[in-house]
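Observations on the three-dimensional arrangement
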Amino acid sequence: MKHKQNHSTWLSLRKLFNDIHLWLGLSSGIIVLLICLSGTIYVFNTEIRELASPEAYHVNYEAGAAKLSAEQLIDGVKRETGGQVMSVKIPADPGRSYVLTVKMPEDAKPAERNGQKEGGKSGRTGAKAKKSTKGEKAAPPSRGVQYMVDPYNGKILASSKDKSGVADFMQLMFSLHRWLLLDRIEEPLIGELPNRKLGSYISGTATILFTLGVITGMVIWFPRRIQAWRQGLKIKWDANWKRINHDLHNSLGFYSCVFLFLMGITGPQWSFEWYRTGLRKSLGTYQSEDAPKPETPKSTIPENQPLKSLMLADYIRTVDQLLDYKGDVQVSIPVDSADAVLVNKTQTGFFAPVAADKIYLDRYTSAVIKTEIFSEKPFNERISGSIKALHVGDIYGKFSKIIYFLACLIATSLPVTGTLIWINKMKKR
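Within any chain, residue numbers begin from 1 and follow the written order of that chain's sequence. The predicted nature of this model means local features are confined to residues of pLDDT at least 70 and side-chain atom pairs, given and counted, to a pLDDT of 80 or more, with totals for whole chains, interfaces and linings taken over all residues. Calculation of side-chain values draws on the structure's entire complement of heavy atoms; hydrogens and water are dropped beforehand.

Details of the sheet that holds strand 6 (residues 341–347)
- DSSP-based pairing: two strands are paired if at least 2 bridges between them are found. Helix and strand definitions follow DSSP, with helices as H or I runs of at least four residues and strands as E runs of at least two, each counted in order from the N terminus. Strand order across the open sheet formed by eight strands is 4-3-2-1-5-6-7-8, with antiparallel pairing between neighbours. The two strands at the open ends of the sheet, each matched to only one other strand, are strand 4 (156–159) and strand 8 (368–372). On average, each strand axis in the sheet is tilted by 20° relative to the strand beside it, whichever way the strands run.
- The pairing of strand 5 (residues 327–332) with strand 6 spans six bridges and is classified as antiparallel. Each residue of the ladder has a partner; that of V331, found in strand 6, is V343.
- Contact definition: two residues touch when any of their heavy atoms are within 4.5 Å. Helix axes use the C-alpha atoms of the stretch in contact, all axes being lines fitted to C-alpha atoms, and the angles between their N-to-C directions lie in the range 0 to 180 degrees. Each of strand 1 (84–90), strand 2 (98–103), strand 3 (145–149) and strand 4 is contacted by helix 4 (residues 70–81), which is oriented at about 45° to strand 2, the strand it contacts most.

Concerning a nonpolar patch on the surface
- Among the surface-exposed residues, F350, F351, Y396, F399, I402 and L406 lie close enough to one another that they form a single nonpolar patch of about 580 Å² accessible area.
- Structurally, Y396 is set in the loop between helix 13 (387–392) and helix 14 (397–428).
- Accessibility expressed as a relative area gives 38% for Y396, which makes it partly exposed. Distance thresholds for patches are 9 Å for like charges and 5 Å for nonpolar side chains (Val, Leu, Ile, Met, Phe, Trp, Tyr), applied to residues having over 30% relative accessible area and no salt bridge. Surface exposure here means Shrake-Rupley accessible area, sampled with a 1.4 Å probe, where a residue is shielded only by the protein chains that are shown. The rule for a salt bridge is simple: a side-chain nitrogen of Lys or Arg has to be within 4 Å of a carboxyl oxygen of Asp or Glu. Exposure classes here rest on a 1.4 Å probe applied to the protein chains alone. A residue is buried below 20% of its type maximum, exposed above 50%, and partly exposed in between.

What about the packing of helix 9 (residues 241–266) against helix 14?
- Contact geometry of helix 9 with helix 14 gives a least axis separation of 7 Å together with a crossing angle of 140°. As judged from the angle between their axes, helix 9 and helix 14 are oblique. Here the hand of the crossing between helix 9 and helix 14 comes out left-handed. Contacts between helix 9 and helix 14 involve W241, K242, N245, H246, H249, L252, G253, S256, F259, L260, L262 and M263 from the first element and I403, Y404, A407, C408, I410, A411, L414, T417, G418, L420, I421 and N424 from the second. When an angle is under 35 degrees it counts as roughly parallel; over 145 it counts as roughly antiparallel; between 65 and 115 it counts as roughly perpendicular; any other value is oblique. Less than a right angle of anticlockwise turn of the near helix away from the far helix marks a crossing as left-handed, whereas a clockwise turn marks it as right-handed.

Set out below in structure tokens:
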């Protein structure tokens, strides 16, 4: 009798979750399909762009060929562009171009264009910039323009502002994924709400519903008896199309559920501030906007000597002694003469972790001021710092990208197979 009661309770609970799963899927299916389809394509955004313009990222070289110094490349780009070089990315692969990020004159703040740093004090003092007026959000800093440069002859091969059909298509996929293309409509569709924000709200809500669908789907899939697991893990290809469709939905959903959950639970943070805040608080890494910003490590300014920075090769040599793995290096060049030089180093390889290790160096002596080794950070900080990587699959190189591509491809099919299951059930009634 007790066994029958437990069985009845299980069936009732399973039916409840099945109904929730059904209506979550029907209410968000079309939006989820568009988001997942564009996400599937965008997983390999970098690789697709490089395949379309190989001349910008790959250079011809002979073994043992000498490269120009980073300073020579910087001087050449300054002359060509008239901008200020903010960073230099030096790949471990000798057959790839360097990437120099340049802040163009039109991106500079008024005080900087007048030859004075914001705050009205000279760069030697290391003074902080003025805070924005209360209630106003400071404009986001310019990310600059990336220039791909041949390290063997200093020739500029391409830049991130160059237009191409592939770049436009990938930007279209990004717009569809984030804002459902509503950002391309100028006139607000609802009151004064910007269309970009409206699209973000819709996609964020659909993603939350999708995540709940993944959770309820796992409850439905989970068999009452362990012996029945095998049936839920395989597709019966010799059955009729209805059974195959049912197995595709259930089995593929199970195999991809962990990755779909990671995509779903991280996505809404770009749509809702309350979600982003809650996610950070749950990880113990939340900081309010009023919280004091961490101080930028400072160099020791030599007294009674002219200020002269070391060569970038000196900084890289110091970092390579600390981090002896093969990897790409990016050196950020500080504008303020008192700031330290920041060097990021990232491992390369098919299964290499993408998170960078950071080393702050004295720009005049190359002495190590501060180290931030990603693997040595607390677990919650590593997760918090990897939210974007967890969402797009950029965690362990191409290995994780391939897995995310397949998972996202499955996610694109789930609204279709799920709708067909619902239609077939409706026909039986």
